[in-house]
Amino acid sequence: MSQLQTVVFHEPKAGSTDEEWEDGAGHDPGDPTTGRAARCVVVDGATEAYDSIRWVGQLVDSFLGVQPAGSAPALARGAMDDWFGLMQDRWQQTAPTTFANIFEERKFREDGSFATLLGCEIHGLGGPRPHWSAVALGDTVLFHVRGARVLTQFPALTAEDFGLNPDGVFTQPSARDRMRTRLDHAHGRLAIGDRLFLATDAVAEWMVRVGRSDPDLLWPALGRLHHPAVFRQIVADRRRAGEMKNDDVTLMRVDITASDPDLLVVCR
Amino acid sequence: MYQQTFSRSAPGCIVFLVDRSDSMQQHWAGSGLTLAQGAARAINKILLELCVKSTKEQGGALRCYFYVGIYGYGLCPSTGGEGVESALPGPLAARGIVPLPELADHPIAVREEPSVDAMPTRSKVPAWIDPHHGFRTPMCLAIATAGAHIYEWANAFPQSFPPIVINITDGMVTDSPYDGADLGGWAQRLTAIQTADGQALLFNIFLSPSPGSGVWFPATEANLPHPGPDLFSISSPLPKPMVDNARSAQIQVAPGARGFAFNADLAMLVKFLEIGTRFDVRDG
């Protein structure tokens, strides 16, 4: 019987505090008794956007159906488009009524906020044929890995593609047509022992590069990752070596297992 | 080189040199403005964009991603004579190069314009410099003055993207040679200032009051009338981030392109400044 074990590692930009981390991640284990699928989401707020943390939090909470309760969208294009509209309306409804200065007001009205999105649903847990389906806007990436082999990378970006993809979920209604058009879908079948990695662009770009040159080292190493201090050290080392750009970093790992976890990490 | 992103720990430095000589009173064809008015408007627009870019969270202060300096040459409004002086407003002028959040707090005026989002409100648009014109064109002294300030800035921020100096002029230099060096010599001294990320960049934009086809980011001085070749020769090659900016603005740039525009109209000036001042902010 398959089940999920999920862990999230994250790290702010070098020089920023943990409170300034502008990505977001969350998961819902689902409920096989009601048929509610499990969900995972990773969102990357744009550094130059307005109030990224609020927009990212809103997207994560809603995609998981936490706030507003029951707002989790189906992943079909039409349902996602409706959700984009709901999110934009909610952003406006919860907008500040006063601004600290004319620059903030201009940023809110003219630029708004923007985040990339990778949302994933996992069906059939507890049954013989679990499978995932996912939606993406932008360069947050899902890797479906079996052993040291990537079965699917979604979206299928090359290392050179990162930073050039302008897609994401925008607060501006004028972007909604493009969001609907550019929304990408993928799906895959899962087996016990498979792993899904959901990664924001800086770490995903590094994973694409290293996964190409040294997959036998990369994927098992990421699969053995348990403590956030180890992840923090990896990120710091790769940044120092110039192999990972200085950006907020988020990595969610979803293990498809047949049993409960045999390891519990408690961090001080 | 030229890889550093802009952040609070590694801010950038952008310095404008503005020709305030007598010829800047000429009307800019098609704009309804004089050259001096158009230059001031373009700089105010870019400063506003930098301020908006530096705004992050609700209720928060601007973040210091940029330091800014503005120097006028020709008429010095504070004395009424010819020379070079900081065009920063009020008390900031004495400091030369200041953090953008401080400049944001000191506009000389805040005007109202129709809101761009069709709301029944009007946008407030700050201005930091006014147009002025008079006397000749002491461009060497302007570069020397700016160089002294950016030298200090580069020493204070050795890991930052190197300073960017953008010279906006319509005239022939009138003080070359100055203090033992000609215009090319002063430009060399300026661009010898460096951070760990590269040498200071000097870009030049030559304004023309006549309508005509301007040239921007040329890779050769061929076919440029006087003083185009001189200004081309002192202009820095465009580093990769700006080549990318130009290409994303649908402007084709050849290998070896320099940060130079000739016979620019107002739209070209604004676009040129945008390409020269648009950077990734990676806060930290």
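Residues numbered from 1 in each chain as written. Chains lettered and ligands numbered in written order. Predicted model: local features only at pLDDT ≥ 70, side-chain atom pairs only at ≥ 80, totals over all residues.

Chemist: Explain the overall build of chain B here, please?
Modeler: A count of helical and extended segments in chain B gives 7 helices and 14 strands. The C-alpha radius of gyration of chain B comes to 18 Å, within 12% of the 19 Å expected for a compact globule of 284 residues. If you line up chain B on its principal axes, its C-alpha atoms span 50 × 45 × 40 Å. Sorting the 284 residues of chain B into buried and exposed places 51% on the buried side. Across chain B, contacts joining residues at least 24 apart in sequence account for 75% of those joining residues at least 6 apart. (Helix = DSSP H or I, 4+ residues; strand = E, 2+ residues; numbered from the N terminus. Rg over C-alpha atoms; globule rule 2.2 N^0.38 Å. Buried ≥ 20, exposed ≤ 12 C-beta atoms within 10 Å, placed from the backbone. Contact = placed C-beta atoms within 7 Å.)

Chemist: Help me out: how do you make sense of the sheet that holds strand β10 (residues 195-199) of chain A in this one?
Modeler: Across a sheet, paired strands are connected by hydrogen bonds in the backbone, their directions being either parallel or antiparallel. All names here are of chain A. Taken together, the 5 strands give an open sheet; going across it, the order is β1-β11-β10-β6-β7, and neighbouring strands pair in antiparallel fashion. With one partner strand each, in any of the chains shown, β1 (3-11) and β7 (149-154) form the two edges of the open sheet. Mean inter-strand twist for the sheet, computed between neighbouring axes without regard to direction, equals 15°. Sheet analysis places strand β6 (residues 141-146) next to β10, joined by 5 bridges and oriented antiparallel. Residue pairing for β10: His-144 is matched across the bridge by Leu-196. Sheet contacts for helix α7 (residues 228-240): β1 and β11 (249-257); angle to β1, the most-contacted strand, approximately 50°. (Pairing = 2+ DSSP bridges. Axes fitted to C-alpha atoms, helices over the stretch in contact; angles between N-to-C directions.)

Chemist: Can you walk me through the pairing of strand β9 (residues 164-169) of chain B in this structure?
Modeler: Regular strands place side chains that alternate from one sheet face to the opposite one. Residue and element names in this part refer to chain B. Counting buried positions along β9 gives 6 out of 6 residues, so the element sits mostly inside the fold. Of the two faces of β9, the one lined by Ile-164, Ile-166 and Ile-168 and the one lined by Val-165, Asn-167 and Thr-169 are each fully buried. Here strand β1 (residues 12-20) pairs with β9 via 5 bridges, running parallel. Looking across to β9, one finds that Val-18 is bridged to Ile-168. Bridge count between β9 and strand β12 (residues 201-207): 6 bridges; the pairing is parallel.

Chemist: Just to check I follow, could you spell out the nonpolar core for this structure?
Modeler: Where a protein is soluble and globular, its nonpolar side chains tend to be buried together. Counting residues in hydrophobic clusters, the biggest one holds 89 residues, and the most contacted among them are B:Leu17, B:Ile43, B:Val68 and B:Val165. It is helix α1 (residues 35-53) of chain B that contributes the most residues to this core, 11 residues altogether. Excluding residues within four positions of it along the chain, B:Leu17 makes contact with B:Tyr71, B:Tyr73, B:Ala142, B:Ala146, B:Val165, B:Asn167 and B:Ile168. In terms of nonpolar packing, the next biggest core, distinct from the first, is built from 65 residues, A:Ala49, A:Phe63, A:Ala134 and A:Ala136 among them. (Core = buried A, V, L, I, M, F, W, Y, C linked by C-beta atoms within 7 Å.)

Chemist: What am I meant to see in the packing of helix α3 (residues 139-156) of chain B against helix α4 (residues 183-192) of chain B here?
Modeler: All names here are of chain B. At their nearest, the axes of α3 and α4 sit 9 Å apart, and the two run at 15° to each other. Taken together, the axes of α3 and α4 are roughly parallel relative to one another. For the crossing formed where α3 meets α4, the hand is left-handed. On the side of α3, the interface is formed by Met-139, Cys-140, Ile-143, Ala-144, Ala-146 and Gly-147, while α4 contributes Leu-183, Trp-186, Ala-187, Arg-189 and Leu-190. By residue class, the composition of the contact of α3 with α4 is 9 nonpolar, 1 polar and 1 charged. (Parallel < 35°, antiparallel > 145°, perpendicular 65-115°, else oblique. Left-handed = near helix turned anticlockwise from the far one by under 90°. Nonpolar A, V, L, I, M, F, W, Y, C, P; charged D, E, K, R; others polar.)

Chemist: For this particular structure, what's the right way to read the environment of B:Val98?
Modeler: Residue and element names in this part refer to chain B. Tracing the backbone through its elements, the reader meets Val-98 in strand β6 (residues 97-99). Counting along the chain gives 55 residues from Val-98 to Trp-153, while the straight-line C-alpha distance between them is 9.7 Å. Excluding its chain neighbours within four sequence positions, the residues that come into contact with Val-98 are Tyr-67, Val-68, Leu-88, Leu-92 and Leu-103.

Chemist: I tried to follow the environment of B:Pro209 on my own but got confused; where do I start?
Modeler: Residues and elements named next belong to chain B. Tracing the chain through its elements places Pro-209 in the loop between β12 and β13 (215-216). Residue Pro-209 is classed as partly exposed on the basis of its 19 C-beta neighbours within 10 Å. A C-alpha to C-alpha distance of 5.7 Å links Pro-209 and Ala-29, two positions 180 residues apart in sequence. If we ignore the near neighbours within four places in the chain, the residues touching Pro-209 are Gln-26, His-27, Trp-28, Ala-29 and Leu-35.

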